[in-house]
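# Residue-level structure breakdown
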Amino acid sequence: MAHIVILGAGTGGMPCAYEMRDALGSEHSVTVINASDTFQFVPSNPWVGVGWRQRDDICFPIRPYLEKKGITFIAQAATGIDPGNNRITLASGDTVEYDYLVITTGPRLAFEEVDGSGPEGHTVSICTVDHAERAWQEYQKFLENPGPIVVGAMPFASCFGPAYEYAFILDTDLRKRGMRDKVPMTLVTSEPYIGHLGLGGVGDSRGMMESELRNRHIKWITNARVTRVEEGRMFVEELDEDGEVKKTHEVEFNYSMMLPAFKGVDAVAAVEGLCNPRGFVIIDDKQRNPTYPNIYSAGVCVAIPPVEPTPVPTGAPKTGYMIETMVTAIVQNIKEELNGEQPTHTATWNAICLADMGDTGAAFVALPQIPPRNVNWFRKGKWVHLAKVAFEKYFIRKMKQGTSEPVYEKYILKALKIARLK
């Protein structure tokens, strides 16, 4: 009997556990280790940040749902990995041995890379539900004393969609409150141009996103290297195409949400030969680490090269649909290995995403993620907003049911087909 341990119980780890249990049956044991005992649906955090959702709407306890499927759950942080002995050390000092390890931890939020940023500094975040709740608390204070807002992404950020979402959601919320005229807004992003998204653009994302920002009276600074943040002021170097400083800005704000740089979590990043210099897990096309072939990884924590060089460093995003295909490949490859076969499955490196814009939304499809592409498509419409609201409920319901089916593929591709845009 083999013991498969999954480290992390987010939008990659939970589906991985369910698929693994379904694929391997009761002959093998599956354990999930997660620092928190609560699952959170991260894509809904922008809504939490303006009070449109509450914690209970997007979170649920992990243990009862995993145990119902015969999956062991340990609610502790991992403090170390010893791949030579196939062992994980927990915060309590206890250890867990494994035959196969699947790392789905997500990222470490590297606020320290920009002095004065983050919830302990002068900007808020929507990367976790705790941060999003803090963002909502600060936003309520802001509404009593409105002024400029700055939203965006720091150097080495690799997921730009939530920055755009939050800017547009704030715009929508302020208009509903009749306060938009009191709030100048600026998007500050490390992308080389609006709508780059870490993907080199998708379809006419540049033109459409610039048009949307203009229509909503949101100014922008691209190629932006934020150097530090003080109370009410953000210091930004705007670079040219050669990476030289073209202009410096001091952007004032009463409220700011900035996505931080991502790095690998400490316990994973500390393992020699497992990660790249920023702590992301190195994988081959079968999702395995070349140094430790019984370690697989999926999600935001894996090392993916940038789509293209940019003056300010940007990472490539890992969307939910892509992560789902990584998970499926891992499950099938471990199953093959347990059957004495060589792994043959690879993930579909396609980016398909629904992004909310408050009262409308944008959908993009990049097949594959890295150009040149077979499909390079971007559309906007209220149907995207409605589809994302519905998908939130659908995903959470499926995770509580313990489904092993491909949730993203089934729902999002169906939504695109219904919209006659597939």
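This text goes with the structure placed above it.
Description of the structure in this document. Position numbers for residues count from 1 along each chain, tracking the sequence in the order it is written. Only residues with pLDDT of at least 70 are given local features in this predicted model, and only at 80 or more are side-chain atom pairs given and counted; all residues enter the totals for whole chains, interfaces and linings. Computation of side-chain values: all heavy atoms of the structure, hydrogens and water removed.

### Things to note about the overall build of the protein chain
Secondary structure assignment for the protein chain yields 11 helices and 22 strands. Here the protein chain has a C-alpha radius of gyration of 21 Å; the compact-globule value for 422 residues is 22 Å, and the two agree. When its C-alpha atoms are laid out on the principal axes, the protein chain stretches across 65 × 45 × 40 Å. Counting only residues that meet the buried cut, the protein chain has 57% of its 422 residues in that class. Only heavy atoms matter for contacts: two residues are in contact if any of them lie within 4.5 Å across the pair. Once local pairs closer than 6 in sequence are excluded, the contacts in the protein chain between residues at least 24 apart make up 66%. Only DSSP runs of H or I reaching four residues or more are called helices, and only runs of E reaching two or more are called strands; each is numbered from the N terminus. C-alpha atoms define the radius of gyration, and 2.2 Å times the number of residues to the power 0.38 defines the globule rule. Only protein chains enter the calculation, and the probe is 1.4 Å; a residue is then buried if its accessible area is under 20% of its type maximum, exposed if over 50%, and partly exposed in between.

### Quick word on helix H1 (residues 13-24)
Think of an α-helix as 3.6 residues a turn; residues three or four steps apart then line up on the same face. Each helix should span, by expectation, one fewer than its residue count multiplied by 1.5 Å. Taking 1.5 Å as the rise per residue, H1 with 12 residues should run 16 Å; its terminal C-alpha atoms sit 16 Å apart, in good agreement. The element H1 is extensively covered by neighbouring structure, given that 10 of its 12 residues are classed as buried. Inspection of H1 places Gly13, Met14, Pro15, Cys16, Ala17, Tyr18, Glu19, Met20, Arg21 and Leu24 among the buried residues, and these make up the whole buried set. Directly after H1, the chain includes glycine 25, whose backbone phi takes a positive value near 70 degrees.

### Details of helix H5 (residues 129-144)
In this model, H5 (16 residues) spans 23 Å end to end at C-alpha, consistent with the 22 Å of a helix rising 1.5 Å per residue. Residues of H5 that are buried include every one of Val129, His131, Ala132, Ala135, Trp136, Tyr139, Phe142 and Leu143, and no others. The buried side chains of H5 occupy one side of the element, clustering within an arc of 145 degrees when seen end-on. Along H5, exposed side chains directed more than 90 degrees from the buried face belong to Lys141 and Glu144. The arc in question is the one spanned by the directions pointing from the helix axis to the C-beta atoms.

### Digging into the sheet that holds strand E22 (residues 375-380)
Strand pairing follows a simple DSSP-based rule, namely that at least 2 bridges must link the two strands. Spatial ordering of the open sheet is given by E20-E21-E22, a layout of three strands whose pairing is antiparallel. Edge strands, defined here as strands with exactly one partner in the open sheet, are strand E20 (351-356) and E22. With strand direction ignored, the average angle separating the axes of adjacent strands in the sheet is 5 degrees. The sheet contact formed by E20 and strand E21 (residues 361-367) spans six bridges and is antiparallel. Within E21, the position partnered with isoleucine 352 by the bridge is valine 365. Note on geometry: axes are lines fitted to C-alpha atoms, helical ones only across the stretch in contact, with angles between N-to-C directions running from 0 to 180 degrees.

### Quick look at the pattern of salt bridges
Any Lys or Arg side-chain nitrogen found within 4 Å of a carboxyl oxygen on Asp or Glu counts as a salt bridge. All chains considered together, the criterion is met by 33 salt bridges. The shortest N-O distance in the salt bridge between aspartate 130 and arginine 55 comes to 2.4 Å. With aspartate 130 in helix H5 and arginine 55 in helix H3 (residues 55-58), the pair connects residues that are 75 residues apart, well separated along the chain. Aspartate 130 gets classed as partly exposed once you look at its relative accessible area, which sits at 47%. For arginine 55, a relative accessible area of 27% translates into the label partly exposed. Of the charged contacts in the structure, one is a salt bridge between glutamate 112 and arginine 108, with a shortest N-O distance of 3.0 Å. A cluster of three or more residues bridged by salt bridges with shared partners is formed by Asp171, Arg175, Arg180, Glu212, Arg216, Asp359 and Lys380.

### Here's the deal with the pairing of strand E12 (residues 185-189)
Most of E12 sits out of view: five of its five residues are buried. Looking at chain direction, strand E11 (residues 149-153) and E12 are connected through five bridges and run parallel. Within E12, the residue paired with valine 150 across the bridge is threonine 186. Crossover handedness for the path E11 to helix H6 (residues 161-176) to E12: right-handed. Running through helix H7 (residues 205-215), the crossover from E12 to the neighbouring parallel element strand E13 (residues 218-221) is right-handed. Handedness is read with the strands pointing away from the viewer; a crossover is right-handed when the path from the first strand over the helix to the second is clockwise.

### Focus: the packing of aromatic side chains
Only Phe, Tyr and Trp rings take part, Trp by its six-membered ring, and two of them pair if their centres are within 6.5 Å. Stacked means planes under 30 degrees apart, edge-to-face means over 60, and tilted covers everything else. Taken as a whole, this structure holds 15 aromatic pairs when the rule is applied. Aromatic rings pair up to connect Phe39, Phe41, Phe60, Tyr65, Phe391, Tyr394, Phe395, Tyr408 and Tyr411 into one cluster. Directly above the ring of tryptophan 52 sits lysine 176, whose terminal nitrogen or CZ lies 4.7 Å from the centroid. The ring of phenylalanine 235 has arginine 228 lying over it, and the distance from NZ or CZ to the ring centre is 3.7 Å. Over a ring means this: the NZ of a Lys or the CZ of an Arg is within 6 Å of the ring centre and within 35 degrees of the ring normal.

### A word on the pairing of strand E17 (residues 255-259)
Of all five residues in E17, five are buried; the element is thus mostly enclosed. Residues Tyr255, Met257 and Leu259 of E17 are buried on one face, and the alternating residues Ser256 and Met258, pointing to the opposite face, are buried as well.

### Side note on the side chain of glutamate 336
Turning to its location among the elements, glutamate 336 is positioned in helix H9 (residues 320-338). A polar contact is formed between the side chain of glutamate 336 and the side chain of histidine 345, at a distance of 3.4 Å. With near-sequence residues (within four places) excluded, glutamate 336 lies in contact with Glu341, Gln342, Pro343, Thr344 and His345. Definition of a polar contact: a pair of N or O atoms within 3.5 Å, with one able to donate and the other able to accept a hydrogen when the atoms are protein atoms, and with sequence-neighbouring residues admitted only if both atoms are side-chain atoms.

### Structural notes on the sheet that holds strand E6 (residues 78-82)
Strand order in the open sheet formed by three strands is E6-E7-E8, and the pairing between neighbours is antiparallel. Strands at the two margins of the open sheet, each flanked by one partner only, are E6 and strand E8 (95-97). Between one strand axis and the next, the sheet turns by 20 degrees as a mean value, whatever way the strands run.

### Looking at the environment of leucine 199
Tracing the sequence through the fold places leucine 199 in the loop between E12 and H7. What makes leucine 199 buried here is its relative accessible area of 0%. Remark: the alpha-carbon pair of leucine 199 and proline 317, spanning 118 residues in sequence, is separated by 7.5 Å. With near-sequence residues (within four places) excluded, leucine 199 lies in contact with Val307, Pro317, Ala351, Phe364, Gln369, Pro371 and Arg373.

Don't take any of this as a statement about function, it's just geometry.
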